[in-house]
Amino acid sequence: MKILFAGAGALGSRFAYMLHKNGEDVTLIDSWQDHVEKIKKEGLKVIIDGEDLGNFNIPIFYPHELTGKYDVVFVATKSMQLRPMLETLKPYLKETTKVICILNGLGHVDTLKEYINPENILIGVTVWTSGLGGPGVLNAVGTGKTEIKQVSEADISTAKDIVAKFNEAGLNLIYSDNVYQSIWHKAGLNCVLNAYCTIIDCNIGEYGSYSEHQKLTDMLLEEVVSVGIAEGVDVKHDVISGNINRIFPPTLAGLHYPSLYQDMKNGRLTEIDYLNGAVSRLGKKHNIKTPVCDLVTHIIHAKEEINNNK
Ligand code: NAD
């Protein structure tokens, strides 16, 4: 099974490393020059839980260097980079190529369907985390699990084979009928923590230390839940709120600054349009007012634009 990782950033390189280590035929593509050159020259350096596990010679290419077709493509870009990546991938897909998408956020199935037959889309959500310690260096901690589901399910035998291969590599992949609920539950958590921590300029624990944090959380989640239910998903306010409150202690994610916060600090565009922005967009479709998500999305865009003009 030839597996292509379309994006060799934090998440892609972690999954690719685990599969490569287990003997799978894995290829990476990325357009970040320093990262690609370093991996071509020295291999991917892997540090997990603080331990340097060595350098691994995983084939990596710039997209224009790629040849051949792949059985499985794991898209691992940021949400706003998904569409350009799908354009890039067209020549490398067979009629049967399965495309796995576990990006954070909402609305990816619609984008994927413009390029991929729903029988070939495996949509999902992950709680694995990962990071990069500079070009060519995967630096990650902990473990996680991932849920996926084929968007159209006439024949899911290949999807089940993929699940088995990922599990042999220790990736803890579950074929789940609750995927859409899990996607919304994670998106709801991210809508609250990514957006508010960035606007307030705090980490997750500090957000939890605000005496009225529950009010802020509830205002936003009411919108997420109404829109999610209108989309036909059984989104549960108490579950998302519980998941948020559970990770405030410093021993869990309390000291962590969410990815959107880090993107903003590093002058990169954020995934806001696939979180609060997506809730606003879908709210309009269902005639549901989403003033909190609208406002939060504008504030994040304002910060992005001001950053960009500096
Ligand atoms: P990242 O920015 O580290 O990696 C994305 C990579 O894709 C980059 O190296 C970039 O150069 C490459 N890329 C983007 N567009 C490209 C193109 N057209 N051609 C070639 N290369 C291209 O991002 P990440 O942290 O790995 O996150 C990926 C997705 O996974 C996001 O949706 C994120 O929210 C989600 N996610 C990340 C984590 C995590 O811990 N990092 C955990 C769960 C979910």
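Coordinates for the structure precede this section.
Residues numbered from 1 in each chain as written. Predicted model: local features only at pLDDT ≥ 70, side-chain atom pairs only at ≥ 80, totals over all residues. Heavy atoms only, no water.

(A) Expanded view of the site of the ligand. Looking at the ligand, there are 22 residues lining it, with Leu-11, Asp-30, Asn-104, Ser-130 and Glu-271 nearest. Taking Leu-11, its main chain carries an N or O atom lying 2.8 Å from an oxygen atom of the ligand. Between the ligand and Asn-104, the relevant distance is 2.9 Å, taken from an oxygen atom to a side-chain nitrogen or oxygen of the residue. (Near = heavy atom within 4 Å. Polar contact = N/O pair within 3.5 Å; in protein donor to acceptor, adjacent residues only side chain to side chain.)

(B) Local environment of the sheet that holds strand S4 (residues 51-56). Reading across from one edge, S4-S3-S9 is the order of the 3 strands in this open sheet, with mixed pairing throughout. Both edges of this open sheet fall to S4 and strand S9 (137-140), since each of them pairs with a single strand only. When the angles between neighbouring strand axes are averaged without regard to direction, this sheet yields 15 degrees. Across 5 bridges, strand S3 (residues 44-48) lies against S4 in antiparallel orientation. By the bridge assignment, Val-46 is partnered in S4 with Gly-54. (Pairing = 2+ DSSP bridges. Helix = DSSP H or I, 4+ residues; strand = E, 2+ residues; numbered from the N terminus. Axes fitted to C-alpha atoms, helices over the stretch in contact; angles between N-to-C directions.)

(C) Spotlight on the sheet that holds strand S5 (residues 60-61). Taken in spatial order, the 8 strands make up an open sheet running S5-S2-S1-S6-S7-S8-S10-S11, and their pairing is mixed. The open sheet is flanked by S5 and strand S11 (173-175), the only strands paired with a single partner. Bridging between strand S6 (residues 70-75) and strand S7 (residues 93-101) involves 5 bridges; their strand directions are parallel. Residue pairing for S7: Val-73 is matched across the bridge by Val-99. Strands strand S1 (2-6), strand S2 (25-29), S6 and S7 of the sheet are contacted by helix H3 (residues 82-89), whose axis makes an angle of about 165 degrees with S6. (Contact = heavy atoms within 4.5 Å.)

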